[in-house]
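Read off the chains here:
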Amino acid sequence: MSVSDIYTAVSEYDDEKVTELVNAEVAAGTDVQTILNDGMIAALDEIGRKFSEGTLFVPEMLMAAEAVQAGLEIIRPLLIDTGVKPVGCVVIGTVKGDLHDIGKNLVAMMLEGAGFKIVDLGTDVDADQFIDAAHENEADLIAMSGLLTTSMPEMEKAVVVIDEANSTRNMNVKVMVGGPPVSQDFAERIGASGYGIDAPGAVDLARGLVQ
Ligand code: B1M
């Protein structure tokens with residue numbers, strides 16, 4: 001048994017096997033980040049590569065994602081095991097038009113584990129939904145995830161509307177963005193407060209932004 005078996009089970013869309021193997025690795029004390037990165041995320045990357053070259057299609061991407069979600073359910077308590085008082089509140093979601101949620105869920109789990117209160121709006125979230133939730137929860141941060149190139153203009157539009165809401169609705173919420181098409185340069189260009197390269201990076205960034 002090794003982490004590469006998890007990679008294989010995700011590649012074979014076998015969620016029961018993923019559950020069994022992740023449980024076994026956790027019980028054996030394998031580092032959670034290794035299980036995540038080398039087992040599950042690496043397999044999804046390979047699936048994505050095959051999708052790009054046209055040898056796999058949407059149903060296979062979906063089945064692989066479901067296998068990864070099964071593994072994440074097991075890891076979740078390990079990532080959010082915290083008894084500390086909230087260090088801030090983050091409203092998180094995947095932007096309008098985008099239904100990818102695995103990365104967003106991971107970021108949310110790690111932020112929760114770092115002591116943030118999380119309000120997760122799910123996927124396909126528009127700017128007004130982010131703003132209303134941030135207002136209602138007196139949030140410190142709005143965290144927008146996007147996997148599609150078409151998510152980038154949505155983020156840009158949302159930042160403008162959130163800026164306006166900060167003045168008109170007496171809010172003071174900062175915006176962080178993340179996801180593969182996004183970069184530090186992009187975040188700066190659209191006026192976001194920061195860019196998180198991955199889930200641990202999002203935690204570091206969020207900590208810095210709420211200080
Ligand atoms: Co889609 N998909 N997908 N997909 N999918 C990608 C993203 C793609 C790159 C595949 C490819 O072409 N190689 C491509 C996007 C191309 C582009 O626009 N540049 C693509 C496409 C085209 C599509 C469809 C349009 C396909 C179609 O219908 N023709 C369609 C779009 C649907 C929609 O959203 N409207 C679609 C659908 C799907 C599924 C539903 C089948 C499924 C998603 C299921 C789900 O999420 N529940 C799916 C999947 C699984 C993928 C791939 C294979 C895997 C994505 C993933 O979960 N990665 C993906 C290819 C790939 O990534 N290699 C692909 C693992 C995850 C942990 O990584 O989300 O990047 P990621 O998160 C990282 C960092 O980015 C960061 O932290 C995480 C790790 O620590 N991060 C943040 C993420 N958000 C952050 C926020 C932060 C900070 C960091 O702060 C706010």
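As the structure is a prediction and not an experimental result, all values here were calculated from the model. (Residues numbered from 1 in each chain as written. Predicted model: local features only at pLDDT ≥ 70, side-chain atom pairs only at ≥ 80, totals over all residues. Heavy atoms only, no water.)

I keep staring at the site of the ligand and nothing clicks. Help me out?
Close to the ligand lie 36 residues; Ser 52, Leu 99, His 100, Asp 101 and Thr 149 are nearest. At 2.7 Å, a side-chain N or O of Asp 101 approaches a nitrogen atom of the ligand. At the level of elements, helix H3 (32-53), helix H4 (58-79), helix H5 (102-113), strand E3 (141-145), strand E4 (174-178) and helix H9 (199-210) are the ones that each hand at least two residues to the shell around the ligand. Residue contributions to the shell around the ligand peak at six residues, all from H3. Of the residues assigned to the shell around the ligand, the class counts are 21 nonpolar, 11 polar and four charged. Taken domain by domain, the shell around the ligand gets at least three of its residues from each of domain 1 (3-81) and domain 2 (89-210). (Near = heavy atom within 4 Å. Polar contact = N/O pair within 3.5 Å; in protein donor to acceptor, adjacent residues only side chain to side chain. Helix = DSSP H or I, 4+ residues; strand = E, 2+ residues; numbered from the N terminus. Nonpolar A, V, L, I, M, F, W, Y, C, P; charged D, E, K, R; others polar. Domains from an automatic or database assignment.)

Would you mind going over the domain arrangement of the protein chain with me for this structure?
How big an interface is tends to be stated in terms of the accessible area lost upon association of its parts. Annotation of the protein chain at the domain level lists domain 1 (3-81) and domain 2 (89-210). Here the C-alpha centroids of domain 1 and domain 2 sit 25 Å apart. Contact residues are listed per partner, giving 11 residues for domain 1 and eight residues for domain 2. For the domain 1 and domain 2 pair, buried surface summed over both sides reaches about 890 Å², with 72% attributable to carbon and sulfur atoms. It is Leu 72, Leu 79 and Ile 80 that lose the most area in domain 1 upon contact with domain 2, and together they represent 45% of the buried surface on that side. Summed over the shared surface of domain 1 and domain 2, the number is one salt bridge. A salt bridge links Glu 112 to Arg 76; its shortest N-O distance comes to 3.9 Å. In this structure, the connection of domain 1 to domain 2 is made through one residue pair in polar contact (both at pLDDT 80 or more). Looking at the side of domain 1 that touches domain 2, the elements that each hand over two or more residues are H3 and H4. (Contact = heavy atoms within 4.5 Å. Buried area = accessible area lost by both parts, 1.4 Å probe. Salt bridge = Lys/Arg side-chain N within 4 Å of Asp/Glu carboxyl O.)

Please clarify how the packing of helix H1 (residues 3-11) against H3 should be interpreted in this entry.
At a closest axis distance of 8 Å, the pairing of H1 and H3 adopts a crossing angle of 30°. In terms of crossing hand, the pair formed by H1 and H3 is right-handed. From H1, Val 3, Ile 6, Tyr 7, Val 10 and Ser 11 reach across to H3, where they touch Thr 34, Ile 35, Asp 38, Gly 39, Met 40, Ala 42, Ala 43, Glu 46 and Ile 47. Of the residues belonging to the contact of H1 with H3, the class tally is nine nonpolar, three polar and two charged. (Axes fitted to C-alpha atoms, helices over the stretch in contact; angles between N-to-C directions. Left-handed = near helix turned anticlockwise from the far one by under 90°.)

In this structure, what is going on with the environment of Val 177? I would like to understand it.
Mapped onto the fold, Val 177 is located in strand E4. The class of Val 177 is buried, set by a relative accessible area of 3%. As a C-alpha pair, Val 177 and Ala 192 span 15 residues in sequence and 7.1 Å in three-dimensional space. Setting aside residues no more than four positions away along its own chain, Val 177 makes contact with Met 144, Met 155, Val 182, Ala 187, Ile 190, Ala 192, Gly 194, Tyr 195 and Gly 196. (Buried < 20%, exposed > 50% of the residue type's maximum accessible area, 1.4 Å probe, protein only.)

I keep staring at H1 and nothing clicks. Help me out?
Every α-helix winds through 3.6 residues per turn, so residues three or four apart in the chain are directed the same way. For H1, every residue scored as buried is listed here: Val 3, Ile 6, Ala 9 and Val 10. Axial view of H1: buried residues confined to an arc of 105°, hence all on one face. On its buried face, H1 is in contact with helix H2 (15-27), H3 and H4. (Arc of directions from axis to C-beta.)

How should the nonpolar core be read in this particular structure?
Nonpolar side chains in soluble globular proteins tend to be buried together. Counting 43 residues, the largest nonpolar core has Val 10, Val 22, Met 40, Leu 72, Ile 75, Leu 111 and Met 176 as its most contacted members. Element by element, the count of residues in this core is highest for H4, at eight residues. Each of domain 1 (3-81) and domain 2 (89-210) contributes no fewer than three residues to this core. Within the second largest apolar cluster, 29 residues are counted, among which are Val 91, Met 144, Val 159 and Val 175. (Core = buried A, V, L, I, M, F, W, Y, C linked by side-chain atoms within 4.5 Å.)

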